[in-house]
Amino acid sequence: MRSFFHVSDIGDLKTALEEAKQVKATPFAWKKLGENKTIMLVFFNSSLRTRLSSQKAALNLGMNPIVLNIGQDSWKLETEMGVIMDGDKSEHLKEAIPVMASYCDIIGVRSFAGLCDRDFDYRETVLQQFVDYSGKPVISLESATVHPCQALADLITIEEYKKKERPKVVLSWAPHPKALPQAVPNSFAEWMNAADVEFVITHPKGYELAPEFAGKARVEYDQMKALEGADFVYAKNWSCPGVSEPAKYGQILSKDMAWTIDAKHMAVTDNAYFMHCLPVRRNMIVTDEVIDSPASLVIPEAANRVVSAQLVMKRMLEGLQA
Ligand code: AN0
Ligand code: CP
């Protein structure tokens with residue numbers, strides 16, 4: 001595997017899910033695979049789960065992880081091309097990336113959407129520079145438009161907890177005080193569309209996800225109707241994807257607290273599990289009552305981030321050997 005951005009990068013999903021089970025059951029079985037190999041984990045933004053689960057996954061495979069926080073531990077990096085660098089950015093990605101690449105075998109990058117320039121974000125301008133200038137396999141650890149390690153962990157979790165062959169999975173928008181990227185819902189939609197589930201998306205008007213991620217998923221604007229009979233409720237806030245109105249890209253269009261997932265919402269489901277990628281704002285996205293109930297999968301879901309990261313790194317290490 002050369003890069004990990006999209007569901008297509010993992011190949012057959014059934015095979016990947018079987019392999020994930022093996023990784024989870026015997027995490028130290030591939031200790032030799034990563035011997036003398038280094039993974040560089042580059043963070044332009046904060047993280048708890050991604051940072052720790054990626055390091056743990058690398059250690060399970062016998063690899064050495066190096067973590068770099070851009071702008072805190074390193075110089076501030078310029079990401080735009082052709083600019084006169086007279087501001088506070090001391091170094092350009094064009095030099096920094098090949099230098100970092102010369103110290104490692106695999107690179108993981110967290111670089112959130114800026115939410116100002118839709119084209120800059122949706123072209124994955126920063127991630128693409130890591131591909132172009134590193135010559136190394138690259139993993140998106142949440143880039144401008146995707147969070148594939150999260151989506152794979154979510155799929156593994158659904159596979160573990162499903163009580164029906166083809167469960168109903170509902171992605172529901174929920175309110176949040178700050179404008180958030182679309183990477184999590186984009187990837188979740190992309191992966192659910194590829195998985196063997198009945199997938200429904202619900203959000204207020206104006207929050208339509210980009211067609212390359214929403215695909216042919218059913219969009220139901222009535223949240224309660226969407227949740228009827230659901231087996232999994234996946235809550236997430238995202239800002240305006242700017243599909244029909246590019247000028248509104250990255251804006252907050254609603255803070256309607258009627259969309260907060262509470263016991264009334266869960267009551268219309270088929271005893272659904274509650275999922276969220278975390279970090280979560282309690283009593284904005286979901287009530288204490290729901291997240292503290294036995295229906296909440298947020299902790300096992302986060303634990304599966306080690307499994308998804310390890311599966312991806314294992315595939316990349318095998319690719320390096322071939
Ligand atoms: C980020 C987001 O919504 O993309 C990271 C989620 C994994 N969340 C926040 O910034 C709160
Ligand atoms: N879910 C997730 O990616 O969490 P972090 O932002 O803490 O890494």
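Residues numbered from 1 in each chain as written. Chains lettered and ligands numbered in written order. Predicted model: local features only at pLDDT ≥ 70, side-chain atom pairs only at ≥ 80, totals over all residues. Heavy atoms only, no water.

A. The sheet that holds strand β9 (residues 198-202), seen in detail. Strands sit in the order β10-β9-β8-β11-β12 across an open sheet of five strands; the sheet is parallel. In this open sheet, the two strands that pair with only one neighbour each are β10 (218-219) and β12 (273-275). Here strand β8 (residues 168-173) runs beside strand β11 (residues 232-236); their pairing, made up of five bridges, is parallel. Pairing of Val169 across the sheet is with Phe232, part of β11. Here helix α7 (residues 183-194) sits on the sheet and contacts β8, β9 and β11; the angle it forms with β9, its principal contact strand, is near 155°. (Pairing = 2+ DSSP bridges. Helix = DSSP H or I, 4+ residues; strand = E, 2+ residues; numbered from the N terminus. Contact = heavy atoms within 4.5 Å. Axes fitted to C-alpha atoms, helices over the stretch in contact; angles between N-to-C directions.)

B. Here's a closer look at the site of ligand 1. Inspection of the region around ligand 1 gives Phe112, Glu142, His147, Leu180, Pro181, Lys236, Cys277, Leu278 and Pro279 as its neighbouring residues. The contact in question runs from an oxygen atom of ligand 1 to an N or O atom on the side chain of Glu142, over 2.6 Å. Lys236 is positioned with one of its side-chain polar atoms (N or O) 2.7 Å from an oxygen atom of ligand 1. Split into classes, the residues belonging to the shell around ligand 1 amount to six nonpolar, one polar and two charged. (Near = heavy atom within 4 Å. Polar contact = N/O pair within 3.5 Å; in protein donor to acceptor, adjacent residues only side chain to side chain. Nonpolar A, V, L, I, M, F, W, Y, C, P; charged D, E, K, R; others polar.)

C. A look at the site of ligand 2. With respect to spatial proximity, the complete set of residues near ligand 2 consists of Ser47, Leu48, Arg49, Thr50, Arg110, His147, Gln150, Cys277, Leu278 and Arg305. Thr50 places a polar side-chain atom, nitrogen or oxygen, 2.6 Å from an oxygen atom of ligand 2. Leu278 places a main-chain nitrogen or oxygen 2.9 Å from a nitrogen atom of ligand 2. Taken by itself ligand 2 offers 260 Å² of open surface, and the protein chains cover 93% of this. (Areas by Shrake-Rupley, 256 points an atom, 1.4 Å probe, with all protein chains shown as cover.)

D. Up close: the pairing of strand β6 (residues 106-110). The buried count for β6 comes to five of five residues, which makes it a mostly enclosed element. Summarising the sheet, β6 and strand β7 (residues 138-140) pair through three bridges and their orientation is parallel. When the bridges of β7 are listed, Val109 appears paired with Ser140. (Buried < 20%, exposed > 50% of the residue type's maximum accessible area, 1.4 Å probe, protein only.)

E. Inspection of the sheet that holds β6 at higher detail. Within the open sheet, the five strands sit side by side as β1-β7-β6-β2-β3. Their pairing is parallel. Each edge of the sheet is formed by a strand with only one pairing partner; in this case those strands are β1 (3-4) and β3 (64-69).

F. Here's a closer look at the side chain of Ser172. Along the chain, the position of Ser172 falls in strand β8. Ser172 sits in the buried class, given a relative accessible area of 0%. Polar side-chain contacts of Ser172 include one of 2.9 Å to the side chain of Gln223. Excluding its chain neighbours within four sequence positions, the residues that come into contact with Ser172 are Thr202, Gln223, Tyr234, Ala235, Lys236, Trp238, Trp259 and Ile261.

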